[in-house]
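Chain by chain, the residues:
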Amino acid sequence: MEKELRNLPLIPLRGITIFPYMVMHFDVGREKSILALEDAMLKNQEIFLVSQKDPKVEEPDEKDIYEVGTVCTIKQILKLPGDTVRVLIEGINRAKIINFTEKESFFKVDVEILEELECITDKKCEALVRTVRNSFDEYIRLSGNMQTEFLVSLDDLESPGRLADVISSYLMLKGDKKQELLESFDVSERLEKLLILINNEVDVLKLERKIGAKVKNKIDKVQKEYYLREQLKAIQEELGEDDEDKKEISRYKNKINKAKLPKSVKEKALYELDRLKNSGSYSAEGGVIRTYLDWILDLPWNNETEDNLDIKRAREILEKEHYGLEDVKDRIIEYLAVRKISNTLKGPIVCLVGPPGVGKTSIARSIAHALNRNFVRMSLGGVRDEAEIRGHRKTYVGAIPGRIIYGMKQAKSKNPLFLLDEIDKMSNDFRGDPADALLEVLDAEQNSTFRDHYLELDFDLSKVLFITTANSLDPIPRPLLDRMEVIEVSGYTYEEKFHISKEHLIPKQLKEHNIEEGKITFAESAIYNVIENYTRESGVRNLERKLATVIRKSIAEMVEKNKQSINITINHIKKYLGPAIFSYDKADKIDKIGVVMGMAWTGYGGDTLPVEVTVMPGNGKLELTGQLGDVMKESARAGYSYVRANAEKYGISPEFHKDKDIHIHVPEGAVPKDGPSAGVTMITGMISALSSKKVKHNVAMTGEITLTGRVLPIGGLKEKCLAAFRAGINTVIIPKDNEKDMLKIPKSIKNKLNFILADKIDDVLSNALISEE
Ligand code: ADP
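Residues numbered from 1 in each chain as written. Predicted model: local features only at pLDDT ≥ 70, side-chain atom pairs only at ≥ 80, totals over all residues. Heavy atoms only, no water.

Enquirer: Give me the lowdown on empty space enclosed by the protein, citing residues and values where you can.
Expert: The final tally for this structure, using the stated rule, is 3 cavities of 30 Å³ or more. By volume, the second largest cavity amounts to about 40 Å³. Counting residues per element, the lining of the second largest cavity draws most heavily on helix α11 (residues 326-342), which supplies 3 residues. Of the residues belonging to the lining of the second largest cavity, the class tally is 6 nonpolar, no polar and no charged. (1 Å grid on protein atoms, 1.4 Å probe; cavity = no way out; pocket = protein on both sides within 12 Å on 5 of 7 lines; lining within 4 Å. Points joined across faces, edges and corners; volume = space filled by probe spheres on them. Helix = DSSP H or I, 4+ residues; strand = E, 2+ residues; numbered from the N terminus. Nonpolar A, V, L, I, M, F, W, Y, C, P; charged D, E, K, R; others polar.)

Enquirer: Provide a residue-level description of the nonpolar core, including the pertinent values.
Expert: The biggest cluster of nonpolar side chains holds 52 residues, and the ones touching the most others in it are L438 and L455. Dropping the residues within four chain positions of it, L438 is found in contact with L380, I389, L420, I423, M426 and L480. Judged by nonpolar contacts, the second largest core, of 51 residues, contains V358, A368, L419 and I506. (Core = buried A, V, L, I, M, F, W, Y, C linked by side-chain atoms within 4.5 Å. Buried < 20%, exposed > 50% of the residue type's maximum accessible area, 1.4 Å probe, protein only. Contact = heavy atoms within 4.5 Å.)

Enquirer: Pulling in residues and values, what's your account of the layout of surface pockets?
Expert: In this structure, the second largest pocket spans a volume of roughly 790 Å³. If you go around the second largest pocket, you meet 32 residues; those closest to its centre are H322, G359, T361, S362 and K508. Secondary-structure elements contributing two or more residues to the lining of the second largest pocket are α10 (311-321), α12 (360-371), β12 (465-470), α17 (494-512) and α19 (541-560). For the lining of the second largest pocket, the per-class residue count stands at 10 nonpolar, 9 polar and 13 charged.

Enquirer: Describe the site of the ligand, listing the residues and the values that go with them.
Expert: Every one of the 19 residues lining the ligand counts as a neighbour, but Y323, K360, T361, K508 and R541 are closest to it. One of the backbone nitrogen or oxygen atoms of Y323 is found 2.8 Å away from a nitrogen atom of the ligand. Starting from 560 Å² of accessible surface for the ligand in isolation, the protein chains cover 89%. According to the grid-proximity analysis, the pocket containing the ligand is the second largest pocket. Elements that contribute at least two residues to the shell around the ligand include exactly α12, α17 and α19. Among the elements that make up the shell around the ligand, the one with the highest residue count is α17 (4 residues). Of the residues assigned to the shell around the ligand, the class counts are 8 nonpolar, 6 polar and 5 charged. (Near = heavy atom within 4 Å. Polar contact = N/O pair within 3.5 Å; in protein donor to acceptor, adjacent residues only side chain to side chain. Areas by Shrake-Rupley, 256 points an atom, 1.4 Å probe, with all protein chains shown as cover. Sits in = over half its atoms within 2 Å of the grid points.)

Enquirer: Before we move on, can you summarise helix α6 (residues 187-239) with the specific residues and values?
Expert: Across its 53 residues, α6 extends 72 Å between first and last C-alpha, which sits within 8% of the 78 Å expected from 1.5 Å per residue. Along α6, the residues that are buried comprise V187, S188, R190, L191, L194, L195, L197, I198, E201, V202, L205 and Q236. For α6, the elements touching its buried residues are β5 (85-102), α2 (123-143), α4 (160-170) and α5 (175-182). With a side-chain oxygen lying 3.1 Å from the backbone nitrogen of S188, the N-terminal cap of α6 falls on D186. (Expected span 1.5 Å × (residues − 1).)

Enquirer: Tell me about the pattern of salt bridges, residues and numbers included.
Expert: Tallying each qualifying case throughout the model produces 48 salt bridges. We note a salt bridge from E138 to R141, for which the minimum N-O separation is 3.6 Å. With E138 and R141 both in helix α2, this residue pair falls 3 residues apart, about one helical turn. Given a relative accessible area of 53%, R141 falls into the exposed group. The partner of E557 in a salt bridge is K563, and the shortest N-O contact between them spans 3.1 Å. A residue is classified by how much of its surface remains accessible, and E557, at 9% relative accessible area, is buried. For K563, a relative accessible area of 33% puts it in the partly exposed group. Overlapping salt bridges bring together K268, E272, R275, E285 and E456 as one network. (Salt bridge = Lys/Arg side-chain N within 4 Å of Asp/Glu carboxyl O.)

Enquirer: Would you mind going over the sheet that holds strand β7 (residues 349-353) in detail, with residue names and values included?
Expert: Across the sheet, 5 strands lie side by side as β8-β9-β12-β7-β13; this open sheet has parallel pairing. Looking at which strands have only one partner, the edges of the open sheet turn out to be β8 (375-379) and β13 (484-488). With strand direction ignored, the average angle separating the axes of adjacent strands in the sheet is 25°. Across the sheet, α11 is in contact with β7, β12 and β13; its angle to β13 comes to roughly 150°. Strand contacts of α12: β7, β8, β9 (417-421) and β12, with the helix running at about 170° to β9, the strand carrying the most contacts. (Pairing = 2+ DSSP bridges. Axes fitted to C-alpha atoms, helices over the stretch in contact; angles between N-to-C directions.)

Enquirer: So, the packing of aromatic side chains: which residues are in play, and what are the values?
Expert: A full pass over the atoms with the stated rule returns 9 aromatic pairs. Both rings, one in W301 and one in F459, keep their centres 5.0 Å apart while their planes meet at 50°; by these two values the pair is tilted. Separated by 158 residues along the polypeptide, W301 in the loop between α9 (284-298) and α10 and F459 in strand β11 (residues 458-459) bring together distant segments of the chain. For the pair W301 and F459, a shared accessibility class is recorded, and that class is buried. For K32, the ring lying beneath its charged end belongs to F107, and the centroid distance is 4.2 Å. Lying over the aromatic face of Y21, R162 brings its terminal NZ or CZ to 4.2 Å of the ring centre. (Phe/Tyr/Trp six-rings, centres within 6.5 Å; stacked < 30°, edge-to-face > 60°. Lys NZ or Arg CZ within 6 Å of the ring centre and 35° of its normal.)

Enquirer: So what's going on with the packing of α17 against α19? Which residues, and what values?
Expert: Taken N-terminus to C-terminus, the directions of α17 and α19 make an angle of 50°; their axes are 10 Å apart at the nearest point. With respect to α19, the element α17 is oriented oblique. For the pair α17 and α19, the sense of crossing is right-handed. The residues of α19 that touch α17, namely those facing K497, S501, L505, I506, K508, Q509 and L510, are L543, E544, L547, A548 and I551. Taken together, the residues of the contact of α17 with α19 sort by class into 7 nonpolar, 2 polar and 3 charged. (Parallel < 35°, antiparallel > 145°, perpendicular 65-115°, else oblique. Left-handed = near helix turned anticlockwise from the far one by under 90°.)

That is the geometry; function is a separate question.
So, in structure tokens, the structure goes:
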């Protein structure tokens, strides 16, 4: 069939693509185009509109123009000022240029009308139509700028090809994409392409929305806050509270002016107050600033109490409030005297070291009392973050100052006695070493300008009298220890505990329970009974608790039985506290082979350490069981080697290891023990077991041993001797080098014990083993 050709004038379009059925207007300015228009108007008003490949080309020729365009009818022409003409056209048919018949004055072409390949009965086509409609609906929903009439008219469209064209003309697409759609004569192909393009547009729109929403959210929040704040202001004004803010500001201002702050602190405070004014006190920022100002105002920047350096009075107070502790009291009086003469507090920091409950905290309190200083106590147990000492930076949410500044706030004066408890229980982790921060706190050279991260201001700690306490010196970092003057506070003997109970603990408890003098009295034997059978400690903390229980129960008895007074005896104690809790490892009453009493020293005071050794057939194994730490295991091995090397000397077969195993057992005690001082005990046990010689039951020993059999000195002699005495021992074998430490042992104990000084293991053995006659 001969294809229909038409000869029509042509206008190249820049940036627009016309689809069939599309009605639109555009402006024509180029002379060539206007001539083409005129030509069309002279004929049947039909014109061929086709896009330029590049809209920027001013004078396009053949090759700059696409081949496929649309035959349109001109509906209206409007002359605009200047040489421009506005035309209203309606698209009729797709057509393809076959041939240019005129190029000079304007373009005229032969075009072939293109018939569409419709797909109305096709299922695939139907599915495509539906999806295109759905996607386009979504596109419209997202873009939100389509008129509803247009959508309704879309529903009436029966022909899929026409639907595709109408939608194509409304989509915001690039020129080349539109051209592609125009050139798709196969309708299902056109629908497919269109679907891809719509979906792509939908994705872009979604993304745009998301970005838009985010930005909007941010703006909204700021605006909302501003709006609410303004509203709040208005409400407050209405209620006559508008000045609440101003009042608060002036309250702070007054406080700042009155507070006698150092200049730099005052400046900072006023600066923060200014910020508070601007941020409004109801904002989050306002809250932070207020807390900060409160901290500044609560700190004792310039409050100082007056020291009482009357040494005589100090001595009296210390004596009155604490029994014994002569060493400690003397050292403290010395310390105060030196401070009085040199009129400065610079110098080493006192560190009170000793088991729990021996009165370290309470003597520190007495010192504060004697000096007339305020007292604050801060436990460092478990502190492992530098920030706990020095505070968190203000930028942290909920930041607060560190413990030092916190303590200063509690102290209410800049020269308190500041007790840093349990300095040995500090540890460190990745967040920085608290010990470093503490070094700065305690260093007299640096602490006048101590800087807390939160305050960001220098605080003067140089007037503070720091005292530290620890249970043991070992865990304290060396540099910290170097700055301290260690004063040992050791455990108490029964006598001392008795006096402390009678003169301090019982009166204190009676007072706390509001009991008049003489109503409750204690028989001496009752006090001893509590000490010996219901407590087992170096200090008196438990003892105090037990005595409080006894007092409470006796009050109950008095009330119940209508008694006026009560004298507490051993019988009462049994009734109130139940059967005796502790029976000490009382020494065996008979001499045994392989059973030796050692003496140990732990953070909780002295203790006895029974060691058992047995020998059995085997092949030279050394078995260790029970409560042995690593150091103790090492000394057991060293002892074993010594015994093997010197077997003959002690009447033991040098070949014993070929057919014998040795088993050393250290029975479990309440507190884990470790250390080298059980060396002599274990050798004595082994030799006793191997040679079948009995060990004297009333002997206890302590000492480290070398491979050559020398006995080396040990620590905690006093505590160990107290424990041995408690266990009913009457002879203690101690290293010769510890002779000097015997001075520390209370006379009451020293007189009752027989001391043997050992230089070599043989000195131990000859006194501990019973030689067979
Ligand atoms: P620490 O700080 O060494 O653990 P504390 O200071 O808490 O011990 O003492 C525990 C209790 O024992 C306190 O009530 C204290 O008053 C009392 N105390 C300890 N030693 C004595 C003493 N020598 N004289 C009077 N009371 C004492």
